[in-house]
Structure formats: C-alpha cells, structure tokens
Amino acid sequence: MKKEHYNVNGLANEEMKTQVKNALDKIEGVNNVCVDLARGTVEVAYNNPATSQEIKKCIENTGHEVE
C-alpha cells in the first residue's frame with residue numbers, strides 16, 4: 001500500500017473536508033483518506049489502480065489547490 005501526503009489550500013470547514021473525502025473515496029484503489037483541517041493536509045492510503053496524479057487531480061477538481 002502506498003501513502004501520499006498533500007498540502008491543500010482552502011480547507012476551511014467540515015463541509016469542505018467531507019467534500020474532499022467523498023470525492024477521493026470514489027477512486028478505485030483508495031483505502032483510507034485523512035483530512036486534517038488544522039494543518040490543511042490530506043493523507044491518502046491507496047493501492048493500484050489509483051495513482052498519485054489521479055488523487056491530486058481529484059483534490060483539485062473539488063476546487064482546492066494542491067501545493
């Protein structure tokens with residue numbers, strides 16, 4: 001299993017946290033998503049066929065910028 005850690009701008013409230021988590025959970029291969037509002041980070045544990053690039057794009061598609 002792979003783990004990726006992303007710094008994400010604009011994670012301001014529980015609604016945004018839920019939006020990002022739900023979007024990532026729809027990707028085949030994603031096993032666990034941890035969104036930390038205080039730090040503005042998202043940690044994703046995943047296996048194939050999910051890719052780091054696909055996960056980053058998914059976060060950006062929710063309207064957030066990945067640093």
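These notes cover the structure that comes with them. This one's a predicted model, so the numbers in the text were calculated from it and none came from an experiment.

**Things to note about the pairing of strand β1 (residues 2-9)**
- Sheet analysis places β1 next to strand β3 (residues 41-46), joined by six bridges and oriented antiparallel. Note on β3: the bridge partner recorded for lysine 3 is alanine 45.
- Direction of pairing for β1 relative to strand β4 (residues 65-66): antiparallel, over a ladder of two bridges. Paired with asparagine 9 across the bridge in β4 is glutamate 65.

**Topic: the nonpolar core**
- Core analysis: the largest hydrophobic core is formed by 18 residues, its most contacted members being Leu24, Val30, Val42, Val44, Ile55 and Ile59.
- Secondary structure elements with two or more residues in this core: β1, α1 (14-25), β2 (30-36), β3 and α2 (52-61).
- Residues in contact with valine 44, not counting those within four places in the same chain, are Lys2, Lys3, Glu4, Tyr6, Leu24, Val30, Asn32 and Ile55.

**Some remarks on α2**
- Listing the buried residues of α2 in full gives Ile55, Cys58 and Ile59. Viewed along the axis of α2, the buried residues span an arc of 100°, placing them on a single side of the element. Exposed positions of α2 whose direction lies more than 90 degrees from the buried face are Gln53, Lys57 and Asn61.
- The inward-facing, buried residues of α2 abut β1, α1, β2, β3 and β4.

**What to know about the pattern of salt bridges**
- Here the structure, examined in full by the defined rule, presents three salt bridges.
- Between aspartate 25 and lysine 21 there is a salt bridge, and its shortest N-O distance comes to 3.4 Å. Of this pair, aspartate 25 and lysine 21 both sit in helix α1, four residues apart, which is roughly one turn of the helix.
- When its relative accessible area of 31% is taken as the criterion, lysine 21 is described as partly exposed.
- One salt bridge connects arginine 39 with aspartate 36, and the closest N-O pair in it is separated by 3.4 Å.
- A residue is classified by how much of its surface remains accessible, and arginine 39, at 66% relative accessible area, is exposed.

Rules behind the numbers
Residues numbered from 1 in each chain as written. Predicted model: local features only at pLDDT ≥ 70, side-chain atom pairs only at ≥ 80, totals over all residues. Heavy atoms only, no water. Pairing = 2+ DSSP bridges. Helix = DSSP H or I, 4+ residues; strand = E, 2+ residues; numbered from the N terminus. Core = buried A, V, L, I, M, F, W, Y, C linked by side-chain atoms within 4.5 Å. Buried < 20%, exposed > 50% of the residue type's maximum accessible area, 1.4 Å probe, protein only. Contact = heavy atoms within 4.5 Å. Arc of directions from axis to C-beta. Salt bridge = Lys/Arg side-chain N within 4 Å of Asp/Glu carboxyl O.

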